[in-house]
Amino acid sequence: MSTKVSDHILERLRAWDVEHVFAYAGDGINGLLAAWERAENKPKFIQARHEEMAAFQAVGYAKFSGKVGVCAATSGPGAIHLLNGLYDAKLDHVPVVAIVGQTNRSAMGGSYQQEVDLQSLYKDVASDFCEMVTVPEQLPNAIDRAMRTAYGRRTVTAVIVPADVQELDYSPPTHAFKMVPSSLGLASYAPVPTEEDLARAAEVLNAGEKVAVLIGQGARGARAEVEQVAEVLGAGVAKALLGKDALPDDLPYVTGAIGLLGTRPSYELMQGCDTLLVIGSSFPYTQFMPELDQARAVQIDIDPHMVGMRYPFEVNLVGDAQTTLRRLIPQLRRKKHGSWRKKIEKDTAGWWEVMERRAAVEADPINPEYVVHALDPLLPDDVILAADSGSAANWYARHLRMRGTMRGSLSGTLATMGPGVPYVIGAKFAHPDRPALALVGDGAMQMNGMAELITAAKYWQEWRDPRLIVAVLNNQDLNQVTWELRAMSGAPQFLASQALPDVPYADFAQSIGLGGMRVEKPGEVVDAWRRALAADRPFVLDFRTDPAVPPIPPHASLDQIEAAATAVLKGDSDRAAMVKQGLKAKVQEFLPGRKHHQD
């Protein structure tokens, strides 16, 4: 039997060590589906319930494996559905390759069924490489460049293959004009700055007395070096959310997350420093960094396109974080751990006490902060965590402490709803021997998480460790937006847009053969976590949480907090007293020393 173009595509993916393709079927990729059957499902076709979820699963796989995530979809609507997940990958600098079908070449330009100009549609999301294969000889180069570019530039690439081309006999490029032969493999490299730039950076860092370090996901491979820099410079280390797992939280100088979902110690670290070192992060919120004329600053980033933004850096070092730090450290002068470092460690220790007190605040029926805080000491040291966008991300950022080999991520830059459950499904294919856990709000769960439980039910028996836990913070409210409206606009809850139906998530999980438990009392929380962590299959915990617990950011002004309280009084009079009490406690904890309203 002759080798078809579709056969060669799968053969080339196998040669690139692609083991899984997250996908959904459609007639635009019928040729590929037939090739999958001939190839005995290698690489393995992972059937999502929706193309957007297939893309999210590819993103989760890539984030937690370090390998390219590959997704596939049919022409027209299938290719369109991939877009949100692909943008999530692009904005978080995650390598993902999309393989999409297209109508037959003979129908192009004829307003044919499912005909979409995919090259125009994908022009932005796959801007580094997007190519349509129109003759067999374009292969294997199209696949090789898509893979190599995704790896090398940590981005999204796309290969579009018309349905009729998939069915053509494969013929390789020849030794002739207008032919482009190709080869496998990705060369390893670690760019480093010049010695002159390193010396300039060392001069800035050595001159500072109050050094702050901000790390992102680009520092993940440089944990030991970041720890050494913090020790030498007597610095505190804050973490952008995508870098939450880049450094453990049991180090006394690690102040935790920064930004809207961040901690008070990270905020004060930035407000008090005179020198800033940013490693592997493009954290976008300048207002959480030092005043623009306050600190001398150095940035390290592997991507020359991403340096020099966010802050007026005095020195920009383009290079791999680990290699750059190893060359920089010998030029740094050790600083005494004086009042600055002691303040950082004291503030950080105090913060975790605040979090414990916040988790202990009574709520109706359950305080969501307690749900996540109670999970923290129970987590296995090798767990993989994902948080969905919304108030769940606040509690993930503030209450869960990374340690051991824990990994964690969320939609950091796109901040889209919906990736929590598919992220951990992708993670389970990357690491089938590790437990995975997703924290999601009921809005995200209703949007698409429930359907992806079916995907977990389809595949969980293939995983060596069957534990995949989905914790739903069920408050019947699109809570993050509700509180943003209150804090920013002084608007009461707009029920038409914010109220959600109460859905029996655990019952649904049980109906498809998974474990499930609804939790309605604080006294049940710890036992529920223990039960899920000991389960012999994926498990859904439906926590009935209080929507009146406010995810107020650490920089919130008294005016914003008062506006939120006033909005609650207008819109939810039966909850007013408790909410005001919680807000006043928040004022005292986040804004120490400032006058706050008693009424």
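Above this note sits the structure.
From a predicted model like this one, the values you see are computed outputs, not experimental measurements.

Colleague: Just checking my understanding: could you explain the overall build of the chain for this structure?
Modeller: When its secondary structure is counted, the chain shows 23 helices and 18 strands. The C-alpha atoms of the chain give 25 Å as radius of gyration, which agrees with the globular expectation for 599 residues (25 Å, within 12%). Considering only C-alpha atoms, the chain reaches an extent of 80 × 65 × 45 Å along its principal axes. Counting only residues that meet the buried cut, the chain has 58% of its 599 residues in that class.

Colleague: Would you take a moment to explain the nonpolar core for this structure?
Modeller: Note on soluble globular proteins: their nonpolar side chains tend to be buried together. Ranked by size, the top nonpolar core spans 59 residues in total, and within it L82, L86, V96, Y122, M445 and V470 carry the most contacts. It is helix α3 (residues 51-65) that contributes the most residues to this core, 9 residues altogether. Not counting residues up to four positions away in its chain, the partners in contact with M445 are V421, V440, M450, L453, V470, V472 and Y505. Core analysis: the second largest hydrophobic core is formed by 53 residues, A219, A240, F283 and Y311 among them.

Colleague: Whenever I open this one, the packing of helix α10 (residues 223-233) against helix α12 (residues 321-328) confuses me. Can you help?
Modeller: Two measures define how a pair of helices packs: the angle their axes make with one another and the distance between the axes. The N-to-C vectors of α10 and α12 enclose an angle of 35°; their axes lie 9 Å apart at closest approach. Our pair here, α10 against α12, has a crossing hand that is left-handed. Contact with α10, carried on its side by E225, V226 and V229, involves Q322, L325 and R326 of α12 and no other residues of that element. When its residues are assigned to classes, the contact of α10 with α12 shows 3 nonpolar, 1 polar and 2 charged.

Colleague: Can you walk me through the packing of aromatic side chains in this structure?
Modeller: Note on aromatic pairs: each is described by the distance of the centres and the angle between the planes. Here the structure, examined in full by the defined rule, presents 12 aromatic pairs. Consider the rings of F22 and Y61, whose centres lie 5.7 Å apart with planes at 55°: the pair is tilted. Remark: Y61 occurs in helix α3 and F22 occurs in strand β1 (residues 20-23); sequence separation between them is 39 residues. Plain terms: the ring middles of F283 and F288 are 6.5 Å apart, the flat faces sit at 65° to each other, and that makes the pair edge-to-face.

Colleague: Mind showing me how you'd approach the sheet that holds strand β2 (residues 44-47) here?
Modeller: Within a sheet, each strand pairs with its neighbour through backbone hydrogen bonds, oriented either parallel or antiparallel. Pairing is parallel across the open sheet formed by 6 strands, whose spatial order is β2-β1-β3-β4-β6-β5. Edge positions in the open sheet fall to β2 and β5 (130-132), since each of these has one partner strand only. Each neighbouring strand pair of the sheet contributes to a mean axis angle of 25°, computed without reference to strand direction. Bridge count between strand β3 (residues 69-73) and strand β4 (residues 96-102): 5 bridges; the pairing is parallel. From the neighbouring strand, G69 faces β4, where its bridge partner is V96. Across the sheet, helix α7 (residues 141-153) touches β4 and β6 (156-162), and the angle it forms with β6 is around 165°.

Colleague: Before we go on, may I ask you to explain the packing of α3 against helix α5 (residues 83-91) in this structure?
Modeller: Relative to each other, α3 and α5 sit at 20°, their axes nearing to 7 Å. The angle between α3 and α5 falls in the class roughly parallel. The way α3 lies across α5 gives a crossing that is right-handed. Note on element contacts: α5 touches α3 through N84, G85, L86, D88 and A89, opposite E52, A55, F56 and V59. Along the lines of polarity and charge, the residues of the contact of α3 with α5 split into 5 nonpolar, 2 polar and 2 charged.

Colleague: I tried to follow the state of the cysteines on my own but got confused; where do I start?
Modeller: Here is the idea: a disulfide is a covalent bond, and it sits between the sulfur atoms of two cysteines. Scanning all chains against the criterion turns up 0 disulfides. This cysteine, C71, is not joined by any disulfide, and C130 carries the nearest cysteine sulfur, 12 Å off. Classification of C71 by relative accessible area gives buried; the value is 0%.

Colleague: Honestly, helix α21 (residues 525-533) in this entry has me stumped. Any pointers?
Modeller: In an α-helix, one turn spans 3.6 residues; hence positions three or four apart end up facing the same way. Listing the buried residues of α21 in full gives V525, A528, W529, A532 and L533. With its buried residues spanning 130° around the axis, α21 presents them on a single face. Those residues of α21 hidden inside the fold are in contact with α14 (368-375), β15 (436-441), β16 (468-474), β17 (515-519) and β18 (539-544).

Colleague: Explain helix α13 (residues 339-360) to me, please; I cannot follow it from the model alone.
Modeller: Compared with the 32 Å implied by 1.5 Å per residue over 22 residues, the 31 Å span of α13 between its first and last C-alpha is a close match. Among the residues of α13, those classed as buried are W340, R341, I344, T348, W351, W352, V354, M355, R358 and A359. Around the axis of α13, the buried residues are gathered within 155° of arc, so they sit on the same side. Looking at α13, the residues exposed on the side facing more than 90 degrees away from the buried face are S339, K342, K346, E356 and A360.

Colleague: I keep staring at the pattern of salt bridges and nothing clicks. Help me out?
Modeller: Applying the stated criterion across every chain yields a total of 31 salt bridges. Residue D197 is joined to R200 by a salt bridge in which the shortest nitrogen-to-oxygen separation is 3.2 Å. A residue pair is termed a helical-turn pair when its members lie 3 or 4 positions apart in one helix, as D197 and R200 do in helix α9 (residues 195-207) at 3 residues. The exposure class of D197 is partly exposed, given its relative accessible area of 21%.

Colleague: Just to check I follow, could you spell out the environment of V372 for this structure?
Modeller: The residue V372 is located in helix α14 in this model. V372 gets classed as buried once you look at its relative accessible area, which sits at 0%. It is 6.3 Å that separates the C-alpha atoms of V372 and H399, two residues lying 27 residues apart in sequence. Dropping the residues within four chain positions of it, V372 is found in contact with W395, Y396, H399, L400 and L439.

About the thresholds
Here the residue index of a chain counts from 1 through its sequence in written order. A pLDDT threshold of at least 70 governs which residues receive local features in this predicted model, and a stricter bar of 80 or more applies before side-chain atom pairs are shown or counted, although totals over entire chains, interfaces and linings include all residues. To get the side-chain values, take all heavy atoms of the structure and skip hydrogens and water. Helical segments are the DSSP runs of H or I of at least four residues, strand segments are the runs of E of at least two, and each set is numbered from the N terminus. What the globule rule says is 2.2 Å times the number of residues to the power 0.38, and the radius of gyration is computed from C-alpha atoms. Here the term buried applies to any residue with accessible area under 20% of the maximum for its type, exposed to any over 50%, and partly exposed to those in between, with areas from a 1.4 Å probe on protein chains only. Among buried residues, the Ala, Val, Leu, Ile, Met, Phe, Trp, Tyr and Cys ones that are joined through side-chain atoms within 4.5 Å form a nonpolar core. The contact criterion used throughout is that any non-hydrogen atoms of two residues lie within 4.5 Å. Inter-axis angles, ranging from 0 to 180 degrees, are taken between N-to-C directions of lines fitted to C-alpha atoms, where helices are fitted over the stretch in contact. Crossings are classed by handedness, with left-handed meaning an anticlockwise turn of the near helix from the far one by less than a right angle and right-handed meaning a clockwise turn. Under the convention adopted here, Pro, Cys and the residues Ala, Val, Leu, Ile, Met, Phe, Trp and Tyr are nonpolar, Asp, Glu, Lys and Arg are charged, and Gly plus all remaining residues are polar. Two rings belonging to Phe, Tyr or Trp (six-membered ring only in the last case) form a pair when the distance between their centres is within 6.5 Å. Interplanar angles under 30 degrees mark stacking, angles over 60 mark edge-to-face geometry, and anything in between is tilted. Whether two strands pair depends on DSSP finding at least two bridges between them. Note on angle classes: values under 35 degrees are labelled roughly parallel, values over 145 roughly antiparallel, values of 65 to 115 roughly perpendicular, and the remainder oblique. Disulfide assignment relies on a single distance test, namely cysteine sulfur atoms paired within 2.5 Å. An arc is given here, and it is the one of the directions from the helix axis to the C-beta atoms. In this analysis, the expected span of each helix is defined as 1.5 Å times one less than the number of residues it contains. The salt bridge definition used is simple: a Lys or Arg side-chain nitrogen within 4 Å of an Asp or Glu carboxyl oxygen.

These figures come from the coordinates and say nothing about function on their own.
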